[in-house]
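Spelled out, the chains give:
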Amino acid sequence: MSGLAADAPRLSERQEAEVESNLRRARDWLLDQQHLEGHWIGELEGDSILESEYILLLTYLGRGQSEIARACANTIRGQQLAGGGWAMFPGGPLEISASVKAYWALKIVGDDPNAEHMRRACEAIRAAGGAEKVNSFTRYYLALLGVISYRQCPAIPPELMFIPKWSPFNIYEMSAWSRTILVPLSLLWAFQPCVPVSDAENIRELFLKTPEELPVVMHDCQQLDALSRRTRLNWSAVFRGVDRVWKGLERMRLMPLRQRAIRRAARWMMERFEGSDGLGAIFPPIVWSIVALKCLGYSEESPEIRTALGELEKLTLRDGDEAWLEPCRSPVWDTAISIIALRDAGVPESDPQIQQAAAWLLSKEIRRAGDWSVRRPDVEPSGWAFEFHNEFYPDVDDTIMVLMALARVLPDQADVDWTTAFAPDRTTGSMIQIETAVLAARTSDPRRAVERLSAAQPILEAMRRGMNWILSMQSRNGGWGAFDADNTRELLTRVPFADHNAMIDPPTADITARTLEMFGRCGAAPTLSALARALDFVWASQESDGAWYGRWGVNYLYGTWQVLVGLEAIGVPSSDPRVQRAAAWLKSKQQASGGWGETACSYDHPELRGEGIATASQTAWAVLGLIAAGEAGSLSVTRGIRFLTETQTAEGTWEETEFTGTGFPKVFYLRYHLYRHYFPLMALGRHLQSCGGVPEHSPLRVSGTSDEG
């Protein structure tokens, strides 16, 4: 069904006028946030582990009681739960590793362990199983600062670099983010640096036994997702046995290739500093690369370490006597979505701010081979990363979003009619050509049309390269992962250091559906073989209740929204029973306020899917999903729009403290500070389009602030 659903009347003219007013204020607010260089970037907020681990790194560097460490500690104190521990997201339960590191960081900066907040923390940690329960990465911090021995950490030997690419255990079978963490950690394992904290800074009181009694193998992790393919052999036990054997060989000094392995790991790491905001452009590998550089003999005054520390400083935000860190920065993602939202809100493609944003995105296309090319060596490099600079790691999701944004800034069809011809190459079966034509009969000024077409040519070429790259990244099962194709080696999720629940990067329904959306909006038909396989993957991923799991956003609301939008864009009719089941599920989760919300606890407890505090971003996702499913004028959409208009602030934006972004399910969550704005703006715009259009908008001056990135 399309157009207006039968279960509700349209909003009254007065109410529609109010929605238009809300849209204008939201549109102007977002335009005003653009930086002078042309991009948008919102804060990306994580949990307390970022501040805690920064303090632990500073302690290793002899700065554990520096002013910045104390400022980070002020932030950590403010995030403590009433029960004494620290959580991964607001309203979440105590997380043991985060709590141990937070307590330890506070103790290092000078908090009295007998203070009330420290006693509460200690009691909560011990009640949750004590420091014995921390994850493998936290064990490495404990070893780095002398609380435990390296033998009590899972072995990550640099000899991993010698495993050939045809082996199921080579580093390119790991996810891109795990790879960038484990290579520098392998150098720590080789050198085993240690700067012991003082007795006053030790945390022996957090152990139920003693640090010396901590087992040399990791315990079974409860945060790992269950294997989709069961095996008779207990691979977790096998890998723990390998861990013990390897440590025994090292005690006997049977490591003939160690120096060569160190050189290879160091070279791999150093190569990936180039064109990047630090190793992998994310917080954890940047931290471990600093320690690894120290192990290799670099001084803190060396350009390499100073640059890496500078990247951490760029991730550091201040407000008065508090400081906190972002896990990375999100300008490409935020800019692409902002363009789409503004176009949905009626800002013309010719608007100077839209054109400047598009030019900025074009400047961020990556034209060099990265880690992805190990599996796809013959593919022309393209793609976009999440951050300002991360040339080895473009990702599928950002590239898709950028391509959709670029498609929205091509000349409107009054001047130029551009078409996309999908012509499979006879060799690879995946090449695309984009053809354009000027239709003189559609314009009174052919010269202007030619000028517009010439200006659009760089966009069209970037889109051609980007779409070819996306097609090359499709996995054998028809879906798309984030950074690599066919990164599905499930056995790796059972190695001892896999307890961050992100050792592999398998295809997911949300990214695959967004890929369908991109190709659909660029004119592709679902009969294209690659897209037909993708559709099969998406349908096979639907849950029994009609929802889809969301890997990269919280959670079933995110996945279901994205799949419905992708299905609509590729031409699946809203009358399809599977689409209707998904729409019915969304409707069933609408709250009395008219909004939608879902807690990140739904990853651990799927029975909580679609339940949680109503948020602006998740309400927008549900509204967008329902509109795509043919429910544009339904009571559910009308109530959702009212929720958004009634909760909008006087400044034209929305407040949202909940974390609705996902880093690693069950392990790390995110609050994108612009999610609360551009998704509701998108929902208001598409709602008004379904009612007959959005208001005209005249170009504004380029405003905002400067950010050198």
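Residues numbered from 1 in each chain as written. Predicted model: local features only at pLDDT ≥ 70, side-chain atom pairs only at ≥ 80, totals over all residues. Heavy atoms only, no water.

Caption draft 1: Broad picture of unusual backbone geometry. With phi around 60°, alanine 281 is a residue other than glycine that occupies positive phi space. Mapping alanine 281 onto the fold places it in the loop between α9 (258-271) and α10 (283-295). The class for alanine 281 is buried, based on a relative accessible area of 4%. Unlike most non-glycine residues, aspartate 486 shows phi in positive territory, near 55°. By the element assignment, aspartate 486 lies in the loop between α15 (446-472) and α16 (509-521). (Helix = DSSP H or I, 4+ residues; strand = E, 2+ residues; numbered from the N terminus. Buried < 20%, exposed > 50% of the residue type's maximum accessible area, 1.4 Å probe, protein only.)

Caption draft 2: Fine view of the sheet that holds strand β6 (residues 661-664). Taking strand neighbours across the sheet as the criterion, the three strands line up as β1-β7-β6 in an open arrangement whose pairing is antiparallel. Where the open sheet ends on each side, the last strands, each with one partner, are β1 (44-45) and β6. (Pairing = 2+ DSSP bridges.)

Caption draft 3: Molecular detail of empty space enclosed by the protein. Taken as a whole and judged by the stated rule, the model has six cavities of 30 Å³ or more. Estimated volume of the largest cavity: approximately 890 Å³. Mapped by element, the contributors of at least two residues to the lining of the largest cavity are α2 (49-60), α4 (96-109), α6 (136-144), α7 (176-191), α10, α14 (396-407), β6 and β7 (668-672). Counting residues per element, the lining of the largest cavity draws most heavily on α7, at four residues. Among the residues making up the lining of the largest cavity, the classes are represented as 30 nonpolar, nine polar and nine charged. Of the pockets and cavities examined, the second largest cavity occupies roughly 100 Å³. As for the second largest cavity, its lining consists of 13 residues, of which Met401, Glu517, Trp561, Met682 and Arg686 are closest to the centre. Elements with a contribution of two residues or more to the lining of the second largest cavity: α12 (331-344), α14, α16, α18 (556-570) and α22 (675-690). (1 Å grid on protein atoms, 1.4 Å probe; cavity = no way out; pocket = protein on both sides within 12 Å on 5 of 7 lines; lining within 4 Å. Points joined across faces, edges and corners; volume = space filled by probe spheres on them. Nonpolar A, V, L, I, M, F, W, Y, C, P; charged D, E, K, R; others polar.)

Caption draft 4: Expanded view of the pairing of strand β3 (residues 322-325). When strand β2 (residues 316-319) meets β3, the two strands line up antiparallel, connected through four bridges. Directly across from leucine 317, in β3, lies its bridge partner tryptophan 324. Between β2 and β3, which follow one another and run antiparallel, lie two residues, and glycine 320 among them has a positive phi close to 65°.

Caption draft 5: Focus on the pattern of salt bridges. Using the criterion set out here, one finds 37 salt bridges in the structure. In this structure, arginine 375 engages glutamate 173 in a salt bridge whose closest nitrogen and oxygen atoms are separated by 3.0 Å. Here the residue arginine 375 occupies a position in the loop between α13 (352-363) and α14, and glutamate 173 occupies one in the loop between α6 and α7, the gap between them amounting to 202 residues. Given a relative accessible area of 7%, glutamate 173 falls into the buried group. Taken together, the salt bridges that share partners define one network made up of Arg179, Glu271, Arg272, Asp371 and Asp484. (Salt bridge = Lys/Arg side-chain N within 4 Å of Asp/Glu carboxyl O.)

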